[in-house]
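The lines below spell out each chain.
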Amino acid sequence: MKKLMTVVVSALCAAVAFGADYYVDYANGVDEEGRGSSDASFKTIAYAVGKSVDNDTIYLAANTHQIAAEVVVDKAVRIVGLGDDRTKVILKRTASCRILSIGNAKACIANLTLNANSSGNVGHGSCAYVASGTVSNCVLRGCATGTRSCVYLENEDAVLVDCQVSNNSCYDDTVTPGVWVKDGLVLRCVLKDNTSRKRGAGGWLNGANARLFDSVVENNTARLNWSHNGGGRVLP
């Protein structure tokens, strides 16, 4: 079963690789018609997503991409960080908003760091709200919320694979600052160094189709001595 899931997840991230390629460089790009090539990049991810269609790939330059409004990915596109170091391609929140909202089963976000960078109660998934789709080989961190999580997986076809979710915290009596899995799959991930006042600092699985496999859950802290708490994770 685990081997089959790995094959399926790999296929999801590769399935939309044959459309047009667009390039985004926040430091040097410009959001104008006729751009989007490697030599004349767009500036923002949201503009590139707006120009893309299903099966396109959007490549992000290895710098910091400032996010001042939620980027909605509702197409079957890939958004991929360039280079071999996922910590060099940073999506950094600069306002009280989600960074990414993903709502297509064939969408894939890969090889990035999503840095929430601040507090702010913006609902589930401050770094990534995944209704459907795959987040692969990413670092998700820096979320300090009142009542919500850094990553939220809503449906059975929402997948978090080969990711690290770390250094997130909750400052209120809430559920989890790490990964909240209503339904969906967490596979080969590291959930570490997250802090909650109440329970499930690393992750909380509370749906009939919520699954976690082959993952490391370590050094998470639930600070209050509630009878139902769990510093690492809470399972249904």
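What you are looking at is a predicted structure, and each value in this text was computed from that prediction instead of being measured.

*Asks:* I tried to follow the packing of aromatic side chains on my own but got confused; where do I start?
*Replies:* Geometrically, a pair of aromatic rings is defined through the distance of the ring centres and the angle of the planes. This model, assessed by the stated rule, comprises 6 aromatic pairs. Aromatic pair Tyr23 and Tyr59: ring centres 5.3 Å apart, planes at 25°, arrangement stacked. Here Tyr23, found in strand E1 (residues 21–24), pairs with Tyr59, found in strand E2 (residues 57–60); they are 36 residues apart in sequence, far enough to count as distant. The ring of Tyr26 is capped by Lys43, whose NZ or CZ atom sits 4.1 Å from the centre of that ring.

*Asks:* I'm lost on the pattern of salt bridges in this one. Help?
*Replies:* Side chains that carry opposite charge are capable of pairing whenever their charged atoms lie near each other. In total, this model carries 4 salt bridges according to the counting rule given. Glu218 is the salt-bridge partner of Lys192, the closest N and O atoms lying 3.7 Å from each other. Taken together, the positions of Lys192 in strand E17 (residues 190–192) and Glu218 in strand E21 (residues 216–218) put the pair 26 residues apart, joining distant regions of the chain. Using a relative accessible area of 36% as the deciding quantity, one classes Glu218 as partly exposed.

*Asks:* When you look at the environment of Ile45 in this model, what are you seeing that I'm missing?
*Replies:* Relative to the assigned elements, Ile45 resides in helix H2 (residues 45–51). As for Ile45 and Leu60, which are separated by 15 residues in sequence, their C-alpha atoms are 8.0 Å apart. Apart from the residues lying within four places of it in its own chain, the contact partners of Ile45 are Val24, Leu60, His65, Ile67, Val71, Ile79 and Leu91.

*Asks:* Is there a simple way to explain the side chain of Asn194 in this structure?
*Replies:* Checked against the element boundaries, Asn194 lands in the loop between E17 and strand E18 (195–196). At 3.4 Å, the side chain of Asn194 and the backbone nitrogen of Asn167 are in polar contact. Looking at Asn194, its side chain comes within polar contact range of the main-chain nitrogen of Asn168, at 3.1 Å. Discounting chain neighbours no more than four positions away, the residues touching Asn194 are Val165, Ser166, Asn167, Asn168, Pro177, Gly178, Ala201, Gly202, Asn219, Asn220 and Thr221.

*Asks:* Before we go on, may I ask you to explain the side chain of Ser132 in this structure?
*Replies:* Positionally, Ser132 belongs in strand E9 (residues 128–136). Residue class for Ser132 comes out buried when judged on its relative accessible area of 13%. Each residue touching Ser132, except ones within four places of it in the same chain, is listed here: Ile102, Gly103, Asn104, Ala105, Asn155, Asp157 and Ala158.

*Asks:* Any chance you could explain the confidence of the model for the chain here in plain terms?
*Replies:* The predicted coordinates ought not to be read in detail in places where the model reports low pLDDT. In the predicted model, the chain carries a mean pLDDT of 86, and 80% of its residues have values of at least 70. When the criterion is pLDDT under 50, residues 1–7 qualifies, and its contacts beyond four places in sequence or with other chains add up to 7 contacts.

*Asks:* Is there a simple way to think about the pairing of E2 in this case?
*Replies:* Every other side chain in a regular strand lies on the same face of the sheet, so the side chains alternate between the two faces. Because side chains alternate across E2, one face comprises the buried residues Thr57 and Tyr59, and the other comprises Ile58 and Leu60, equally buried. Pairing of E1 with E2, which is carried by 4 bridges, proceeds in the parallel orientation. Bridging across to E2, Tyr23 finds its partner in Tyr59. Handedness of the crossover is the feature at issue here: the chain leaves E1, passes through H2, returns alongside E2, and the resulting connection is right-handed.

*Asks:* Explain the nonpolar core here, please?
*Replies:* The nonpolar side chains of a soluble globular protein tend to be buried, and buried together. In terms of nonpolar packing, the biggest core is built from 45 residues, with Leu140 and Leu160 touching the most fellow members. Per-element tally for this core: the top contributor is strand E7 (residues 100–110), with 4 residues. Sequence-distant contacts of Leu140, defined by excluding residues within four places in its chain, comprise Leu114, Cys127, Ala128, Cys150, Val151, Leu160, Cys163, Gln164, Val165, Ser166 and Asn168. Core analysis: the second largest hydrophobic core is formed by 5 residues, Tyr129, Ala131, Tyr152 and Trp180 among them.

What counts, and where the lines are drawn
Residues numbered from 1 in each chain as written. Predicted model: local features only at pLDDT ≥ 70, side-chain atom pairs only at ≥ 80, totals over all residues. Heavy atoms only, no water. Phe/Tyr/Trp six-rings, centres within 6.5 Å; stacked < 30°, edge-to-face > 60°. Helix = DSSP H or I, 4+ residues; strand = E, 2+ residues; numbered from the N terminus. Lys NZ or Arg CZ within 6 Å of the ring centre and 35° of its normal. Salt bridge = Lys/Arg side-chain N within 4 Å of Asp/Glu carboxyl O. Buried < 20%, exposed > 50% of the residue type's maximum accessible area, 1.4 Å probe, protein only. Contact = heavy atoms within 4.5 Å. Polar contact = N/O pair within 3.5 Å; in protein donor to acceptor, adjacent residues only side chain to side chain. pLDDT = per-residue confidence, 0-100. Pairing = 2+ DSSP bridges. Right-handed = clockwise from strand over helix to strand, strands pointing away. Core = buried A, V, L, I, M, F, W, Y, C linked by side-chain atoms within 4.5 Å.

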